[in-house]
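Read off the chains here:
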Amino acid sequence: MIRLSLNREPVTVRLRPPLADIELTLRRLTTVDFNEARQAARVLCNNSGKLQELMSEYQLLPGDNSLTDWKRMRTQDPLAYSAHLLGVEIWVSSVECAVRGIVAWTGLVGDDGKPLPVSRPAIEALMLVNDVADQILSQLDQAAQLIILEGKP
């Protein structure tokens, strides 16, 4: 049996081990939200100054995290440059989706041991950890689904 759910209230989910201490409250994103996230990512990735600044901040530039290595890669190895840029664009898109979808969380603390507030910098850092990013995106996707197989939320 297929049940159509029209509930748009946020959902709270716990991540899978080894991240089971993290609980997220997620807004149910719509297609418009996902499209806006992708568009925001495109805008950022097309702004080379902002993109380079972001890549430098999170040490996503090649080599010794230098703009020189980045520019050299673009001219000397266009294929590697394109693959690297695609990876960064996927990360930026993931961040934009998470920024729109994460309402609250528990189980995350900052360097000071205090609960970490939901913020863009915290989400950017979290989304660099593959397992965390995969689980967050999976939960955002599941929360957005309106068609639910009976008994399988």
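Residues numbered from 1 in each chain as written. Predicted model: local features only at pLDDT ≥ 70, side-chain atom pairs only at ≥ 80, totals over all residues. Heavy atoms only, no water.

This part covers the overall build of the protein chain. In terms of regular secondary structure, the protein chain is built from six helices and five strands. Taken from the N to the C terminus, the helices and strands of the protein chain come in the order β-β-β-α-α-α-α-β-α-α-β. Its C-alpha atoms put the protein chain at 55 × 40 × 25 Å along the principal axes. Residue pairs in contact within the protein chain that sit at least 24 positions apart in sequence constitute 59% of those at least 6 positions apart. Accessible area of the protein chain: about 9400 Å², with a carbon and sulfur share of 55%. (Helix = DSSP H or I, 4+ residues; strand = E, 2+ residues; numbered from the N terminus. Contact = heavy atoms within 4.5 Å. Areas by Shrake-Rupley, 256 points an atom, 1.4 Å probe, with all protein chains shown as cover.)

Turning to the packing of helix 3 (residues 67-76) against helix 4 (residues 78-101), a few remarks are in order. In contact at an axis separation of 5 Å, helix 3 and helix 4 are set at 125° when each is read in the N-to-C sense. Compared by their axis directions, helix 3 and helix 4 come out oblique. Across from Trp 70, Met 73, Arg 74, Thr 75 and Gln 76 in helix 3, the residues of helix 4 making contact are Pro 78, Ala 80, Tyr 81, His 84 and Leu 85. Residues belonging to the contact of helix 3 with helix 4 are distributed by class as follows: six nonpolar, three polar and one charged. (Axes fitted to C-alpha atoms, helices over the stretch in contact; angles between N-to-C directions. Parallel < 35°, antiparallel > 145°, perpendicular 65-115°, else oblique. Nonpolar A, V, L, I, M, F, W, Y, C, P; charged D, E, K, R; others polar.)

Of all hydrophobic cores here, the largest spans 39 residues; its most connected members are Leu 24, Leu 26, Trp 91, Trp 105, Met 127 and Ile 136. The leading source of residues in this core is helix 4, at eight residues. (Core = buried A, V, L, I, M, F, W, Y, C linked by side-chain atoms within 4.5 Å. Buried < 20%, exposed > 50% of the residue type's maximum accessible area, 1.4 Å probe, protein only.)

What follows is about the confidence of the model for the protein chain. Per-residue confidence for the protein chain gives a mean pLDDT of 88, with 90% of residues at or over 70. Confidence scores differ between elements of the protein chain, with strand 5 (residues 147-149) showing the lowest mean pLDDT of 49 and strand 4 (residues 102-106) the highest of 96. (pLDDT = per-residue confidence, 0-100.)

Here we take up the sheet that holds strand 3 (residues 23-26). Ordered in space as 2-3-4, the three strands form an open sheet in which the pairing is antiparallel. With one partner strand each, in any of the chains shown, strand 2 (11-14) and strand 4 form the two edges of the open sheet. With strand direction ignored, the average angle separating the axes of adjacent strands in the sheet is 20°. Bridge count for strand 2 against strand 3 is four bridges, and the pairing is antiparallel. Paired with Thr 12 across the two strands is Thr 25, which belongs to strand 3. Lying on the sheet, helix 4 is in contact with strand 3 and strand 4; it crosses strand 4 at an angle near 85°. Where helix 6 (residues 130-144) meets the sheet, its contacts fall on strand 2, strand 3 and strand 4, and the angle it forms with strand 3 comes to roughly 40°. (Pairing = 2+ DSSP bridges.)

Turning next to the packing of helix 4 against helix 6. It is at 10 Å that the axes of helix 4 and helix 6 come closest, and there the two elements cross at 55°. Here helix 4 is positioned oblique relative to helix 6, judged by the angle of their axes. Viewed along their axes, helix 4 and helix 6 form a crossing whose handedness is left-handed. Contacts between helix 4 and helix 6 pair Ser 94, Cys 97, Ala 98 and Gly 101 from the former with Ile 136, Leu 137 and Leu 140 from the latter. (Left-handed = near helix turned anticlockwise from the far one by under 90°.)

The relative placement of two aromatic rings is captured by the distance of their centres and the angle of their planes. A full pass over the atoms with the stated rule returns two aromatic pairs. Both rings, one in Trp 70 and one in Tyr 81, keep their centres 4.4 Å apart while their planes meet at 40°; by these two values the pair is tilted. Of this pair, Trp 70 sits in helix 3 while Tyr 81 sits in helix 4, and the two are eleven residues apart along the sequence. We note that Trp 70, like Tyr 81, is buried. (Phe/Tyr/Trp six-rings, centres within 6.5 Å; stacked < 30°, edge-to-face > 60°.)

Right, let's talk about the pattern of salt bridges for a bit. This model, assessed by the stated rule, comprises five salt bridges. We note a salt bridge from Arg 27 to Asp 33, for which the minimum N-O separation is 3.4 Å. The partner of Asp 69 in a salt bridge is Arg 72, with the nearest N and O atoms 2.8 Å apart. Placement of the pair is Asp 69 and Arg 72 together in helix 3, with a separation of three residues, close to one helical turn. Judged by relative accessible area, Arg 72 falls into the partly exposed class, the value being 38%. Salt bridges linked by common partners bring Glu 96, Arg 100 and Arg 120 together as one network. (Salt bridge = Lys/Arg side-chain N within 4 Å of Asp/Glu carboxyl O.)

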